[in-house]
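What follows is each chain in one-letter form.
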Amino acid sequence: MNEEEEEWRCSSSIHPGIVNCGTFGPRIMQRASRLNKELKLLATEPPPGIMCWQETSQMDELRAQILGGANTPYEKGIFKLEVVIPERYPFEPPKIRFLTPIYHPNIDSAGRICLDILKLPPKGAWRPSLNISTVLTSIQLLMSEPNSDDPLMADISSEFKYNKPAFLENARQWTEKYASQKQKSNKSEEEGSPVETRKPSVPAATEKRKGDKLEGHKKKSRLDV
């Protein structure tokens, strides 16, 4: 542990009402300042196909969006991710997972991602000089170039290795089902539509019988008069 990390550890090990080492306040401010800079840079100069923003008033709860790359089975897909910034950031990597389902060897059904820079050494490759933008760009690259040698989903990895056409077809179908513009638009319309517009459709024959009965009732009424 280097001197900078030791200062962070000391400042973070606090008890209620007690500030240890006299550095807790400055460290929190440094973390907030760094996150502010990163978010501003992501807003003004985002990497191609990537967006990241603050979801709530809490700066450590972010959302990101990655567009599927051209010439990949994820093309035209819009994938949403959850980004949680730990207290010890940047000495610990952000915790990121997919919220949009994706068919990929290195991303499991809960959206967890197998990527070296999302883990601390010695098993991982995270270092404080990396940032949120770097991580999101690496995830975008992983989408285009799966690592079948370090999978989270063994069955998808096997399919990717030994039956590439089937993998590509399945990945495209998932993208169309869960991440396409059309799918998202339909979902938004359903959520925003009045209840009566979503009532079950009535078969045409049933509608015709109803119409005949109504017409007969009208004729009878006219005869009575």
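Residues numbered from 1 in each chain as written. Predicted model: local features only at pLDDT ≥ 70, side-chain atom pairs only at ≥ 80, totals over all residues. Heavy atoms only, no water.

**Regarding the UniProt feature "active site" (unreviewed entry) in the protein**
Here the UniProt-annotated "active site" (unreviewed entry) positions come out as Cys114. Assignment of secondary structure puts Cys114 in the loop between β4 (95-98) and α3 (132-144). Apart from residues lying up to four places away in sequence, Cys114 is in contact with Asn106, Lys119, Leu142, Asp150 and Leu152. (UniProt positions renumbered as here; feature names shortened; annotations may be inferred. Helix = DSSP H or I, 4+ residues; strand = E, 2+ residues; numbered from the N terminus. Contact = heavy atoms within 4.5 Å.)

**Focus: the pairing of strand β3 (residues 78-84)**
In terms of residue burial, β3 counts as a mostly covered element, since five of its seven residues are buried. The pairing of strand β2 (residues 61-67) with β3 spans seven bridges and is antiparallel. Bridge pairing in β3 places Arg63 opposite Glu82. As defined by bridge partners, β3 adjoins β4 across four bridges and the pair is classed as antiparallel. In the sheet register, Glu82 faces β4, and the bridge partner there is Arg97. (Buried < 20%, exposed > 50% of the residue type's maximum accessible area, 1.4 Å probe, protein only. Pairing = 2+ DSSP bridges.)

**Let's talk about α3**
Because each turn of an α-helix spans 3.6 residues, side chains separated by three or four positions end up pointing in the same direction. For α3, which comprises 13 residues, the first-to-last C-alpha distance of 19 Å matches the rise-based estimate of 18 Å (1.5 Å per residue) to within 8%. Taken as a whole, α3 has its buried residues at Ile132, Val135, Leu136, Ile139, Gln140, Leu142 and Met143. The arc that holds the buried residues of α3, viewed along the axis, is 160 degrees, so those residues lie on one side. (Expected span 1.5 Å × (residues − 1). Arc of directions from axis to C-beta.)

**So, the pattern of salt bridges**
Counting across every chain of the model gives six salt bridges. Its salt-bridge partner being Arg97, residue Glu82 comes within 3.0 Å of it at the nearest N-O pair. A residue pair is termed long-range when its members are at least 10 positions apart, and Glu82 in strand β3 and Arg97 in strand β4 qualify at 15 residues. Where Glu92 meets Arg88, a salt bridge forms, and the shortest distance between an N and an O atom there is 3.4 Å. A relative accessible area of 21% places Arg88 in the partly exposed class. (Salt bridge = Lys/Arg side-chain N within 4 Å of Asp/Glu carboxyl O.)

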